Amino acid sequence: MQYIYIILLLAVFLFIGVRIIFFLISPLIKRSSLVKVYNSFFFTREKKDFIEIHLGFARDLIFHNNFSRRKLLIHLVSGLLNLIKEIESGRIELNKTIRGNPYFFKVSNFRNFGFKERDLKCTEKIRFYLNYFELSFLKSFASKKLVFVKVDKLKIVYTNARTLLENKNKILSIYLRLTNFSMTDIDPSYQDSLSVSKTAV
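Presented here is an overview of the structure given in this document. (Residues numbered from 1 in each chain as written. Predicted model: local features only at pLDDT ≥ 70, side-chain atom pairs only at ≥ 80, totals over all residues. Heavy atoms only, no water.)

Let's talk about the pairing of strand S4 (residues 97-100)
Next up, step 1: One ladder, built from three bridges, connects strand S3 (residues 50-54) with S4; its direction is parallel. Within S4, the residue paired with Glu-52 across the bridge is Arg-99.
Next up, step 2: Pairing between S4 and strand S6 (residues 155-160): four bridges, direction antiparallel. Its bridge partner lying in S6, Ile-98 is registered against Thr-159. (Pairing = 2+ DSSP bridges. Helix = DSSP H or I, 4+ residues; strand = E, 2+ residues; numbered from the N terminus.)

Here's the deal with the environment of Val-77
Next up, step 1: Here Val-77 lies in helix H3 (residues 69-89).
Next up, step 2: Take Val-77: its relative accessible area is 0%, and that puts it in the buried class.
Next up, step 3: With 36 residues separating them along the chain, Val-77 and Phe-113 place their C-alpha atoms 8.6 Å apart.
Next up, step 4: If we skip the residues at most four places from it in the chain, Val-77 touches Phe-113, Ile-171, Ile-174, Tyr-175 and Leu-178. (Buried < 20%, exposed > 50% of the residue type's maximum accessible area, 1.4 Å probe, protein only. Contact = heavy atoms within 4.5 Å.)

Some thoughts on the nonpolar core
Next up, step 1: Leu-76, Ile-98, Phe-104, Phe-113, Phe-115 and Leu-164 are the most contacted members of the largest nonpolar core, which totals 44 residues.
Next up, step 2: Among the secondary structure elements, those contributing two or more residues to this core are S3, H3, helix H4 (107-111), helix H6 (132-143), S6, helix H7 (161-166) and helix H8 (168-178).
Next up, step 3: With 10 residues, the top contributor of residues to this core is H3.
Next up, step 4: For Phe-104, the contacting residues outside a window of four places in its chain are Leu-55, Leu-61, Arg-69, Leu-72, Leu-138, Lys-139 and Ala-142. (Core = buried A, V, L, I, M, F, W, Y, C linked by side-chain atoms within 4.5 Å.)

Notes on the packing of H3 against H8
Next up, step 1: In contact at an axis separation of 10 Å, H3 and H8 are set at 150° when each is read in the N-to-C sense. Here H3 lies roughly antiparallel to H8, going by the angle between them. The handedness of the crossing between H3 and H8 is left-handed. Facing H3, whose interface residues are Arg-70, Leu-73, Ile-74, Val-77, Ser-78, Leu-80, Leu-81, Ile-84 and Glu-88, H8 presents Lys-168, Ile-171, Leu-172, Ile-174, Tyr-175, Arg-177 and Leu-178. (Axes fitted to C-alpha atoms, helices over the stretch in contact; angles between N-to-C directions. Parallel < 35°, antiparallel > 145°, perpendicular 65-115°, else oblique. Left-handed = near helix turned anticlockwise from the far one by under 90°.)

Some points on the side chain of Ser-136
Next up, step 1: Relative to the assigned elements, Ser-136 resides in helix H6.
Next up, step 2: For Ser-136, the side chain forms a polar contact with the main-chain nitrogen of Val-149, separated by 3.2 Å.
Next up, step 3: Apart from residues lying up to four places away in sequence, Ser-136 is in contact with Val-147, Phe-148 and Val-149. (Polar contact = N/O pair within 3.5 Å; in protein donor to acceptor, adjacent residues only side chain to side chain.)

A look at the pattern of salt bridges
Side-chain pairs of opposite charge can arise where the charged atoms are in close proximity.
Next up, step 1: Enumeration according to the criterion identifies eight salt bridges in this entry.
Next up, step 2: For Glu-86, the salt bridge is made with Arg-91, and the minimal N-O distance between the two is 2.8 Å.
Next up, step 3: When its relative accessible area of 14% is taken as the criterion, Glu-86 is described as buried.
Next up, step 4: On the basis of relative accessibility, which here comes to 41%, the residue Arg-91 falls in the partly exposed class.
Next up, step 5: Glu-124 is the salt-bridge partner of Arg-118, the closest N and O atoms lying 3.0 Å from each other.
Next up, step 6: Assessed through its relative accessible area of 22%, Arg-118 is described here as partly exposed.
Next up, step 7: Ionic contacts of the salt-bridge type, sharing partners, join the residues Lys-36, Glu-46, Glu-86 and Arg-91 into one network. (Salt bridge = Lys/Arg side-chain N within 4 Å of Asp/Glu carboxyl O.)

Looking at the packing of aromatic side chains
Next up, step 1: Tallying each qualifying case throughout the model produces three aromatic pairs.
Next up, step 2: Geometrically, the ring pair formed by Tyr-38 and Phe-42 is edge-to-face, given 5.7 Å between the ring centres and 70° between the ring planes. With respect to class, Tyr-38 is no different from Phe-42; both count as buried.
Next up, step 3: Ring plane angle 90° and centroid distance 5.4 Å describe the contact between Phe-110 and Phe-115, whose orientation is recorded as edge-to-face.
Next up, step 4: Owing to a relative accessible area of 2%, Phe-110 belongs among the buried residues under this scheme.
Next up, step 5: Each member of the aromatic cluster is reached from another via a ring pair, and the members are Phe-110, Phe-113 and Phe-115. (Phe/Tyr/Trp six-rings, centres within 6.5 Å; stacked < 30°, edge-to-face > 60°.)

What about H8?
Next up, step 1: Most of H8 is tucked away: eight of the 11 residues are buried.
Next up, step 2: When we look at burial in H8, the residues that qualify are Lys-168, Ile-171, Leu-172, Ser-173, Ile-174, Tyr-175, Leu-176 and Leu-178.
Next up, step 3: Positive backbone phi, approximately 55°, marks Asn-180, located one or two places after H8.

This is a description of form; function is not addressed.
Encoded structure:
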């Protein structure tokens, strides 16, 4: 029994060590082909069956000036719009699943973008428990108050490229409201096709 505890302890220390290394080399990862970065706080990892969305690297969240939950939401919406641009170009197939974990936000935020939600699988819960302190720290940092992530209440949000594309105008309207009609970070071609008036948003 004692050996099991030792193995578990070593596994935890190994995991923490990997997370620290990942934190240190994240600028290199951003420049690699392992991820596709859309803006400061939005990148994706493309796998065979799905695209996984992420809300930035921990290093970016910690060292960014004037970081806030609202700013993170703006970057999320901006990232989704640029992801839609790639769907329109045909690079991303319409039946491709897009998923992520909204631990910074309420699930209802993602419902506005056409996402559905499901409970975490056992392996996903284990992964999030291992990341518990890091996630709680980042969420507290974003909220500017002490917050503990409730892993049992976490959800995986998911949709497909077709549904995301169908929600393009709604997502764009949300972005314009959040940024007071600024087009920062949106692909320039959206500016040409924008037909939403300021009074209508």
